[in-house]
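Coordinates in review
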Amino acid sequence: MPKIYFCHIADEEINCNIMAMSYIEGVSADKIHWGFNFAKKKQFTKDVVNNLITLQSVHNNKYGAVNGEQFDNWIDYYKPFAKARLDYITPLAQQGVFPKLVVDILQMAYDNLDKILSDCGKPTLIHGDYWIPNILVNKNSLTFVGCVDPFNVMWAESEYEVFAMILYPQFKLYKQYKKCVQVSKMFDLKARMYSLFSEVYWYQQLGKGHLGFMTWVAKKLSKQLKKHCIL
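Along its length, the chain carries 7 helices and 9 strands. Against the globule reference of 17 Å for 231 residues, the chain gives a C-alpha radius of gyration of 18 Å, in line with a compact fold. Expressed along its principal axes, the backbone C-alpha trace of the chain runs to roughly 50 × 50 × 40 Å. Counting across all 231 residues of the chain, residues that qualify as buried make up 44%. Of the contacts made within the chain by residues no fewer than 6 positions apart, 72% connect residues no fewer than 24 positions apart. For the chain, the accessible surface area stands at approximately 12,600 Å², while carbon and sulfur atoms represent 52% of it. One finds the centroid of the 27 positive side-chain charges in the chain at a distance of 12 Å from the centroid of its 21 negative side-chain charges.

As structure tokens, this is what we get:
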């Protein structure tokens, strides 16, 4: 993990978000041509997951922003976040510019958050954007060297960070994590739900997004909801 020197939130003077961090030599893992380096790719996957598990060994007694408001229960933090996303996309779906299926599935998940988030681990330090484009590889040795761009460092439930590992399935990070950690009964459901709410968040921030991907995730979430007798 790099050291963070300063952050700037977009304002009238500088209209962009800036994060200055210590330099780590490496190339984003998604830019590497792995070819037939199956053994190195497998070791890379193990190292990435072990790094995340090490990060998750740091705990707090409350959930929430590291330097902001904190809560005794994870749902007290996450439920307002989820509601804000629903409040944004519901009228868009009514206007026909956002998939209604995504809204309906997320609404069902939101209505059952008490059940879905009933088995959360203790407050755990998270990177906030732990996914393949932020994970650096030494381009010569093809070894893991670090993870940059800690966008949303916070104290979250222990399984929150893992949802981004679903992406780039060729690295099998999600499967490797489940091999190394005893996960909760709702693990797969939570991963899909967190993933979809995150996609909506970025859609709201950027004013655009991958609607087809969100619909695909919504269908995966629907299957998990049915599996757990929620839908």
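Taken as a whole and assessed by the stated rule, the structure comprises 6 salt bridges. Salt-bridge contacts for Lys 190 lead to Glu 159; the nearest nitrogen and oxygen are separated by 2.8 Å. Of this pair, Lys 190 sits in helix 6 (residues 187-206) while Glu 159 sits in the loop between strand 9 (154-156) and helix 5 (173-180), and the two are 31 residues apart along the sequence. Across the pair, Glu 159 and Lys 190 agree in class, each one buried. The partner of Lys 178 in a salt bridge is Asp 188, with the nearest N and O atoms 3.0 Å apart. Remark: Asp 188 occurs in helix 6 and Lys 178 occurs in helix 5; sequence separation between them is 10 residues. By relative accessible area, Lys 178 is classed as partly exposed at 33%. Among the ionic contacts, a cluster of salt bridges with common partners joins Glu 157, Glu 159 and Lys 190.

Another point: helix 2 (residues 74-94). Compared with the 30 Å implied by 1.5 Å per residue over 21 residues, the 31 Å span of helix 2 between its first and last C-alpha is a close match. Packing partners of the buried residues in helix 2 comprise strand 4 (63-65), helix 3 (100-111), helix 4 (113-116), strand 9 and helix 6. Gly 96 occupies a position one or two residues after helix 2 and carries a positive phi of about 85 degrees.

Turning our attention to the environment of Val 97. Of note, Val 97 is situated in the loop between helix 2 and helix 3. By relative accessible area, Val 97 is classed as partly exposed at 44%. With 114 residues separating them along the chain, Val 97 and Leu 211 place their C-alpha atoms 9.8 Å apart. Ignoring sequence-local partners within four residues, the contact set of Val 97 consists of Leu 92, Tyr 203 and Leu 211.

Strand order in the open sheet formed by 4 strands is 5-4-9-6, and the pairing between neighbours is antiparallel. On the outer flanks of this sheet lie strand 5 (70-71) and strand 6 (124-126), each paired with one strand and no other. Alignment of strand 6 against strand 9, held across 3 bridges, turns out to be antiparallel. If you follow Leu 125 over to strand 9, its bridge partner there is Trp 155. Taken strand by strand, helix 2 contacts strand 4, strand 5 and strand 9, and its axis lies near 105 degrees from that of strand 9.

Before going further, it helps to examine a positive patch on the surface. Residues Lys 42, Lys 46, Lys 172, Lys 175 and Lys 179 make up a contiguous surface patch of positive charge. Counting only elements with at least two residues in the positive patch, the list comes to helix 1 (38-55) and helix 5.

Here we come to the sheet that holds strand 3 (residues 27-28). Strands sit in the order 3-7-8 across an open sheet of 3 strands; the sheet is antiparallel. This sheet does not close on itself; its edge strands, each paired only once, are strand 3 and strand 8 (144-147). Pairing analysis gives 3 bridges linking strand 7 (residues 135-137) to strand 8, with the strands arranged antiparallel. Counterpart to Ile 135 in the pairing with strand 8 is Cys 147.

In this section: the packing of helix 3 against helix 7 (residues 211-227). Running from N to C, helix 3 and helix 7 cross one another at 35 degrees; their axes reach a closest spacing of 9 Å. Where helix 3 crosses over helix 7, the handedness of that crossing is left-handed. Along the contact surface, helix 3 presents Leu 101, Val 102, Ile 105, Leu 106, Met 108 and Ala 109, while helix 7 presents Met 214, Thr 215, Ala 218, Lys 219, Leu 221, Ser 222 and Leu 225. Residues of the contact of helix 3 with helix 7, tallied by class, amount to 10 nonpolar, 2 polar and 1 charged.

Basis of the calculations
Residues numbered from 1 in each chain as written. Predicted model: local features only at pLDDT ≥ 70, side-chain atom pairs only at ≥ 80, totals over all residues. Heavy atoms only, no water. Helix = DSSP H or I, 4+ residues; strand = E, 2+ residues; numbered from the N terminus. Rg over C-alpha atoms; globule rule 2.2 N^0.38 Å. Buried < 20%, exposed > 50% of the residue type's maximum accessible area, 1.4 Å probe, protein only. Contact = heavy atoms within 4.5 Å. Areas by Shrake-Rupley, 256 points an atom, 1.4 Å probe, with all protein chains shown as cover. Lys, Arg positive; Asp, Glu negative; His and termini not counted. Charge placed at Lys NZ, Arg CZ, Asp CG, Glu CD. Salt bridge = Lys/Arg side-chain N within 4 Å of Asp/Glu carboxyl O. Expected span 1.5 Å × (residues − 1). Pairing = 2+ DSSP bridges. Axes fitted to C-alpha atoms, helices over the stretch in contact; angles between N-to-C directions. Patch = residues over 30% accessible without salt bridge, like charges linked within 9 Å, V, L, I, M, F, W, Y side chains within 5 Å. Left-handed = near helix turned anticlockwise from the far one by under 90°. Nonpolar A, V, L, I, M, F, W, Y, C, P; charged D, E, K, R; others polar.

Honestly, it's all geometry; don't read function into it.
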